[in-house]
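Here are the chains, one letter per residue:
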Amino acid sequence: MAAFDYDLFVIGAGSGGVRAARIAAGYGARVAIAEEYRAGGTCVIRGCVPKKLLVYAARFADAFEDSVGFGWTSERVAFDWPTLIAAKDKEIARLSAIYERNLETAGVEVLHTRAVLTGPNSVRLTGEDRVVTAGRILIATGGRPVADSSVEGIEHAISSNEVFDLKTQPERVLIVGSGYIAVEFAGIFNGLGTETTVLHRGPQVLRGFDEEVRGYLHEEMSRKGVNFIVSDTLARIVRTEGGLEVTTGRGTVIETDVVLSAIGRAPNTAGLGLTEAGVQTSERGAVIVDEYSRTSVPSIFAVGDVTDRVNLTPVAIREGHAFADTEFGGRAVVVDHALVPTAVFSQPEIGTVGLGEGAAKQQYAALDIYRTRFRPMLNTISGREERTFMKIVVDAETDRVVGVHVLGPDAGEMAQLLGIAVKMGATKADFDATMAVHPTAAEELVTMRTPSERWRREQVAAR
Ligand code: FAD
């Protein structure tokens, strides 16, 4: 008789958990997965997928405007929020069902309940009030939006969890925060015609990204009509007859219909029984793991956002897959977290891989920086002022490209392909040797010949 009910018990059917469960079951393991909300997790239900659908919807505003310069006329263009939300809901229900079906087809037992650890090999299913045992347990509970509880009236704000389910389109929205979720929703609401204000405490959006990209994004978003209140904080929200009245730390008063708090996410570990099971966590509550996603307890593992490494879906999937290969496939696999290409679906969009200029200057002694800013062809006869920005950061000592940053249409698609080149260790000479695809915007990436700046640390130090 087997010593445990299962070989593997996965807590959380999101990006990382689902992949780990399916692959482990494929190796013959007896696997169960618990999900307290909906199969698919954050990405499918209230993250990447519905967000991108809303981004597509918002972009039609520009497309209708641009079409006029190309000879189109349209009588009346109108947008209907409930139609969009219903279509989005239908699509994520379809995807969630596929996730569930794929798990079952792989032989994974899907349990619709919250699960909490009760020991190194046991889990309590709170919905069913029973305890099950497993040889290995995988924590894949993801992240959750954080709220600033010191703000008076914060209960009137919503998070990215609720924003996807708003029944009506707000006429005015105040978005608090400056991370990728904040700027993406600013683009969505602004594009759909909601009066949009972004409030953030720093001078610039998107901390951690290349400084020039941040500046130009701010400029282009402002040009599109997003209002920014910078270097200020959210102090108070009061419900009024007409909506919500927000007061900032510096005393500015804003009337709005919805406050979307997007100030960050934290690992989803509260009440999970980690202390009881002896699993160590960081100050931020993240499960501490080694390169094989092993926690401080030999039978317990963790992947995805709950470990707070690189909080992106493809990374969680890779970590889940590597865990299953290592523990059940007899093949030790380590996930390489370096040079992860990424996109921000702001408007305009950002695609990036590697180091920003500021970060590169901390690490390298000599850099050649190539930059270009131009009006893409679409914007010529459409009359749109928006410009695309591209930057290549090169280690001048080795000629290796250490960062590429694009702000403009299809930047996310470019980042995926740039990611291959940069991951392979491409040099600037390799970029130069690549023939352009004409006429595209991306061809600029292989036609920038002269550095815009030759930065040398010793010259800076000598000044
Ligand atoms: P999750 O996908 O969050 O899954 C965790 C699951 O565990 C959830 O379904 C949850 O209900 C369940 N759970 C939690 N606790 C328990 C419990 N005790 N018992 C049972 N079930 C439990 N990433 C990208 O790569 N690209 C994007 O464009 C992108 N956009 C995003 C937009 C938004 C608005 C948000 C919020 C996130 C976005 N992300 C994006 C991030 C991405 O969603 C996460 O990195 C990814 O989902 C992490 O996967 P995970 O498996 O770690 O956790």
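The rules we used
Residues numbered from 1 in each chain as written. Predicted model: local features only at pLDDT ≥ 70, side-chain atom pairs only at ≥ 80, totals over all residues. Heavy atoms only, no water. Helix = DSSP H or I, 4+ residues; strand = E, 2+ residues; numbered from the N terminus. Rg over C-alpha atoms; globule rule 2.2 N^0.38 Å. Buried < 20%, exposed > 50% of the residue type's maximum accessible area, 1.4 Å probe, protein only. Areas by Shrake-Rupley, 256 points an atom, 1.4 Å probe, with all protein chains shown as cover. Lys, Arg positive; Asp, Glu negative; His and termini not counted. Charge placed at Lys NZ, Arg CZ, Asp CG, Glu CD. Near = heavy atom within 4 Å. Polar contact = N/O pair within 3.5 Å; in protein donor to acceptor, adjacent residues only side chain to side chain. Expected span 1.5 Å × (residues − 1). Contact = heavy atoms within 4.5 Å. Pairing = 2+ DSSP bridges. Axes fitted to C-alpha atoms, helices over the stretch in contact; angles between N-to-C directions.

Undergrad: Please explain the overall build of the chain as it appears in this structure.
TA: Per the secondary structure count, the chain includes 14 helices and 22 strands. For 463 residues, the compact-globule formula gives about 23 Å, and the C-alpha radius of gyration of the chain, at 24 Å, lands near that figure. Seen through its C-alpha atoms, the chain measures out along the principal axes to roughly 75 × 65 × 45 Å. Sorting the 463 residues of the chain into buried and exposed places 49% on the buried side. When the accessible area of the chain is evaluated, it comes to approximately 21600 Å², of which 51% is carbon and sulfur surface. Positive and negative side-chain charges in the chain, numbering 49 and 60 respectively, have mean positions lying 2 Å apart.

Undergrad: Even after reading the chapter, I still don't get the site of the ligand, so can you show me in this structure?
TA: Lining the immediate environment of the ligand, one finds 37 residues, of which Gly 16, Glu 35, Thr 42, Lys 51 and Asp 305 sit closest. Here a nitrogen atom of the ligand and a backbone polar atom of Glu 36 are 3.1 Å apart. A distance of 3.0 Å separates an oxygen atom of the ligand from a polar atom in the backbone of Thr 313. Relative to its unbound accessible area of 1000 Å², the ligand is 95% covered by the protein chains.

Undergrad: What is the right way to read helix H3 (residues 48-69) from this model?
TA: For an α-helix, the turn length of 3.6 residues means that residues three or four places apart are oriented alike. For H3, spanning 22 residues, the distance from its first C-alpha to its last is 32 Å, which sits close to the expected 32 Å at 1.5 Å a residue. Where H3 is concerned, the buried positions are Pro 50, Lys 51, Lys 52, Leu 54, Val 55, Ala 57, Ala 58, Asp 62, Asp 66 and Ser 67. Turning to H3, the residues buried within the fold contact helix H2 (41-46), helix H4 (81-105), helix H6 (180-191), helix H7 (211-224) and helix H11 (378-382). Phi turns positive, to about 100°, at Gly 71, one or two residues after H3.

Undergrad: When you look at the sheet that holds strand S11 (residues 234-240) in this model, what are you seeing that I'm missing?
TA: Strands belonging to one sheet form pairs held by backbone hydrogen bonds; the direction of such a pair is parallel or antiparallel. Ordered in space as S11-S12-S13, the three strands form an open sheet in which the pairing is antiparallel. Edge positions in the open sheet fall to S11 and strand S13 (253-256), since each of these has one partner strand only. For this sheet the average axis-to-axis angle between neighbouring strands, irrespective of direction, equals 20°. Examined bridge by bridge, strand S12 (residues 243-248) and S13 share four bridges and lie antiparallel to one another. The residue of S13 that forms the bridge with Thr 247 is Val 253.

Functional significance is not addressed by these values, which are geometric in nature.
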